[in-house]
Amino acid sequence: MKQTKTDFVAIAIADYEAMSQEEQGKMIVNVLEDQPALMGFITNLADDFDDTEHEVLVDSAVILINAFISAGIPVEMVPHQMIEEVIKDKVDSYEAKTKDIDEVSKTNLLDLSDSPKVFEDLRVRALFKTKSTEVTPMEQLNFYMSLDIIVSIIERSVAYEMEKI
């Protein structure tokens, strides 16, 4: 019998969507307490996006952290230096590969992501939750770059902690 790989991110998305707003709120508060630097970065993005888009970014961080925890992988506090490093890496990468905004496509975005499957799962959720199809291509690119940065920050932090063990 072929063993299938569990998609913890898809499960975490479904679990999060099934929660009441009160349960989601408690989860967000827990992540705020456990991840002050990460959530500070995400909070600072509030001025760059509308409320719904910002909420999706917060939810995405919570969902991904929950996916790791569900897989039995602890998520330690993300260090501020890692956030700065990932932001620089991602901004440089996006700027180098998205010079012509009209040529940016879903495929290009997936190529830019450290984790295309996770990014795509959270990107699709964002499409349903936001009005991202109604914004300019540049606004859309900025939103997806921010989402990709959040995914990379969490994943690199977990990878770093796993290497230490």
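Since we're looking at a predicted model, the values are computed, not measured. (Residues numbered from 1 in each chain as written. Predicted model: local features only at pLDDT ≥ 70, side-chain atom pairs only at ≥ 80, totals over all residues. Heavy atoms only, no water.)

1. Topic: the environment of Asp59
Tracing the backbone shows Asp59 in helix 4 (residues 51-70). A relative accessible area of 5% places Asp59 in the buried class. Spatially, the C-alpha atom of Asp59 lies 7.6 Å from that of Ile28, the residues being 31 residues apart in sequence. (Helix = DSSP H or I, 4+ residues; strand = E, 2+ residues; numbered from the N terminus. Buried < 20%, exposed > 50% of the residue type's maximum accessible area, 1.4 Å probe, protein only.)

2. So, the confidence of the model for the protein
When the pLDDT values of the protein are averaged, the result is 88; 90% of them are 70 or greater. Between the elements of the protein, mean pLDDT differs from a low of 74, seen in helix 6 (residues 106-112), to a high of 96, seen in helix 3 (residues 36-44). (pLDDT = per-residue confidence, 0-100.)

3. Section: the pattern of salt bridges
One side chain can pair with another of opposite charge once the charged atoms of both are near each other. This model, assessed by the stated rule, comprises twelve salt bridges. For the salt bridge of Arg125 with Asp59, the shortest nitrogen-to-oxygen distance reads 3.2 Å. Here Asp59 lies in helix 4 and Arg125 lies in helix 7 (residues 116-129), a separation of 66 residues in the sequence. The same class applies to Arg125 and to Asp59, which are both buried. Residues Lys88 and Asp92 are paired through a salt bridge, measuring 2.7 Å at the closest nitrogen-oxygen approach. Residue Lys88 and its partner Asp92 are both found in helix 5 (residues 80-97); the two are separated by four residues, about one turn of the helix. What makes Lys88 exposed here is its relative accessible area of 52%. One salt-bridge network, held together by shared partners, links Asp89, Lys90, Asp114, Asp148 and Arg156. (Salt bridge = Lys/Arg side-chain N within 4 Å of Asp/Glu carboxyl O.)

4. A few points about the packing of helix 4 against helix 7
Direction vectors running N to C along helix 4 and helix 7 enclose 145°, while the axes themselves pass 10 Å from each other. Here helix 4 runs over helix 7; the crossing is right-handed. Taking contact as the criterion, the partners of Thr52, Val56, Asp59, Ser60, Ile63 and Leu64 in helix 4 are, on helix 7, Val118, Leu122, Arg125, Ala126 and Lys129. Of the residues assigned to the contact of helix 4 with helix 7, the class counts are six nonpolar, two polar and three charged. (Axes fitted to C-alpha atoms, helices over the stretch in contact; angles between N-to-C directions. Left-handed = near helix turned anticlockwise from the far one by under 90°. Contact = heavy atoms within 4.5 Å. Nonpolar A, V, L, I, M, F, W, Y, C, P; charged D, E, K, R; others polar.)

5. Focus on the side chain of Asp59
A distance of 2.7 Å separates polar atoms of two side chains, one belonging to Asp59 and the other to Tyr16. Ignoring anything within four residues of it in the chain, the contact list for Asp59 reads Tyr16, Ile28 and Arg125. (Polar contact = N/O pair within 3.5 Å; in protein donor to acceptor, adjacent residues only side chain to side chain.)

6. So, the packing of aromatic side chains
Using the criterion set out here, one finds three aromatic pairs in the structure. Considering the side-chain rings of Phe119 and Tyr144, the 6.3 Å spacing of their centres and the 80° angle between planes classify their relative orientation as edge-to-face. Remark: Tyr144 occurs in helix 8 (residues 137-164) and Phe119 occurs in helix 7; sequence separation between them is 25 residues. Look at Phe119 and you get buried, because its relative accessible area is 0%. (Phe/Tyr/Trp six-rings, centres within 6.5 Å; stacked < 30°, edge-to-face > 60°.)

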